[in-house]
Every structure is written in C-alpha cells, then in structure tokens.
Amino acid sequence: MLNVVLFGPPGAGKGTQSEKIIEKFELTHLSTGDLFRKHLGEGTDLGKLAKKYMDEGHLVPDQVVISMVEDKINNTSGSKGFIFDGFPRTTAQAEALDKMLKNHGMAISGMIALDVPHDVLKERIKERGKTSNRADDQNEEKINTRIKVYLDETLPVAKYYEEQGKFKKINGVGEIEEIFNQISVVIDSY
Ligand code: ADP
C-alpha cells in the first residue's frame, strides 16, 4: 500500500499534481476540499456546516473533517492506496489519520511538500478565482486569511512527519511535468 500526503499552502498545485499521481500510481484521491465542495453542491447538512468556515478561509473543525475522511477510507476498497490532498491540515488530524490507517493495517508512506513563495501563491489563487467559482478564491483578504491559517495551524504538520523521517520538500515553481517527475522519483523510492 502506498499512502502519500501531498502537502503545501493553498494554491501550491496539490490538486493538479494529485490528478497526475492517481493516474500513474493508481491511487485513490482523497481531497477534503473537494469532498466539502461536493457536499456543498448537494446541499447536505455537512456541506452547509462546512460552508461557513470555507467561505471565510477558516478551517472546518477537526472532528467534522476526521469523520468525513474516516467514512471515505472505510468505503474505499480494492485501491492501491491513497493520496491525501488538503488533509491532514492540523496535528490533531495527522494523529487521527495515523490511528485510522493503523486500524486498516496501513501507514503513511511519506509526505511530499510543494514549496511555493507567497507572492506566487496569491497570484495563482486570484487567477483561479476568475474561473473556479470559489468564494474563497475571490478576495484578497480571504486569500491572506488562508495563508495565515496555513502558517499557524498547518505548517506544524510538516514537522510531525519530519520527526518520523517521512518528509520531503519539492520546488513547486516550474513546469507541471517537471514537478511531477520530481514527485514520481520520491514515490518510487517508497
Ligand atoms: P486550498 O488548498 O486551495 O485552500 P482546499 O480545496 O484544499 O483549497 O480547501 C478549501 C477549504 O476547505 C479550506 O480553506 C477549509 O475551509 C476547508 N478544508 C479543506 N480541507 C480541510 C481540512 N483538512 N481541515 C479543515 N478544513 C479543511
């Protein structure tokens, strides 16, 4: 089993690279942002709850996210593993993920972090906002909040995996194919 955490700030390119990774390595894509947006589109209670946080650029409470991920893991079978995209975003989520995987006889193979400077991130998110229809991509203040939340709450997750010798940083600026090649080399080494 290959279980990869793709890590990086909002706009780092996790979604783009995930698409390529799942195709090449036949993994199941588990993006918490995508799952929330699906709930939002379907108008479920979970979607309504998440919207309040997402629209402001804040994190959805840990327990809500963790239950949703657990559900997805429990309902996926016959997969070669998962690519976790946008999760875990707090140390509590990382600890919960370890427990969930352990219950299934699995573990995280490694975390791959996409490194992108903040000015580049802001430009990318604003550009995406023109077509993404995402309230959180449209406004400078919300983008700044998301980057701040990332620095305060999410960055410690990198340390969590670094301490386990499972952390690898990759330059996230450049050609999509070139970045993907670097990611592939890391996954092949697991
Ligand atoms: P981005 O990485 O561009 O910010 P995502 O699609 O990953 O976009 O997430 C969008 C929003 O969904 C986040 O700002 C947050 O409100 C919510 N969200 C997604 N994943 C998580 C998570 N693991 N924990 C808490 N909130 C989350």
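Given the structure is predicted, the values throughout are model-derived calculations rather than measurements. (Residues numbered from 1 in each chain as written. Predicted model: local features only at pLDDT ≥ 70, side-chain atom pairs only at ≥ 80, totals over all residues. Heavy atoms only, no water.)

**Q** It is not clear to me how the sheet that holds strand S1 (residues 2-7) should be interpreted in this structure. Could you clarify?
**A** In a beta sheet, neighbouring strands are held together by backbone hydrogen bonds and run either parallel or antiparallel to one another. One open sheet holds the five strands; their spatial order is S2-S3-S1-S4-S5, and the pairing between them is parallel. Two strands in the sheet have a free side with no partner beyond their single neighbour: strand S2 (28-31) and strand S5 (167-171). Going from strand to strand, the sheet's axes swing by 20° on average, the running direction of each strand aside. Bridge analysis of strand S4 (residues 110-115) against S5 gives five bridges, and the strand direction is parallel. Of the residues in S5, the one forming a bridge with Ile 112 is Lys 168. (Pairing = 2+ DSSP bridges. Helix = DSSP H or I, 4+ residues; strand = E, 2+ residues; numbered from the N terminus. Axes fitted to C-alpha atoms, helices over the stretch in contact; angles between N-to-C directions.)

**Q** Got a minute to help me understand the site of the ligand in this structure?
**A** Taken together, 20 residues surround the ligand, and among them Thr 32, Arg 37, His 58, Gln 93 and Arg 128 come closest. Between a nitrogen atom of the ligand and a side-chain N or O atom of Arg 89, the distance comes to 3.2 Å. Here Arg 146 contributes a side-chain N or O atom positioned 3.1 Å from an oxygen atom of the ligand. Coverage of the ligand by the protein amounts to 96% of the 550 Å² it exposes when considered alone. Among the cavities detected, the one that contains the ligand is the largest pocket. Per-element tally for the shell around the ligand: the top contributor is helix H2 (residues 32-42), with four residues. Considered class by class, the residues forming the shell around the ligand number seven nonpolar, six polar and seven charged. (Near = heavy atom within 4 Å. Polar contact = N/O pair within 3.5 Å; in protein donor to acceptor, adjacent residues only side chain to side chain. Areas by Shrake-Rupley, 256 points an atom, 1.4 Å probe, with all protein chains shown as cover. 1 Å grid on protein atoms, 1.4 Å probe; cavity = no way out; pocket = protein on both sides within 12 Å on 5 of 7 lines; lining within 4 Å. Sits in = over half its atoms within 2 Å of the grid points. Nonpolar A, V, L, I, M, F, W, Y, C, P; charged D, E, K, R; others polar.)

**Q** Could you clarify how one ought to interpret the packing of aromatic side chains in this entry?
**A** Each aromatic ring pair is described using two quantities: the centre-to-centre distance and the angle formed by the ring planes. Counted according to the given criterion, the structure contains four aromatic pairs. Considering the side-chain rings of Phe 84 and Phe 87, the 6.4 Å spacing of their centres and the 45° angle between planes classify their relative orientation as tilted. The pair Phe 84 / Phe 87 is uniform in exposure class, with both members buried. Taken together through their ring pairs, the aromatic side chains of Phe 82, Phe 84 and Phe 87 make up a single cluster. Sitting over the face of the ring of Phe 180, Lys 20 holds its NZ or CZ atom 5.3 Å from the ring centroid. (Phe/Tyr/Trp six-rings, centres within 6.5 Å; stacked < 30°, edge-to-face > 60°. Buried < 20%, exposed > 50% of the residue type's maximum accessible area, 1.4 Å probe, protein only. Lys NZ or Arg CZ within 6 Å of the ring centre and 35° of its normal.)

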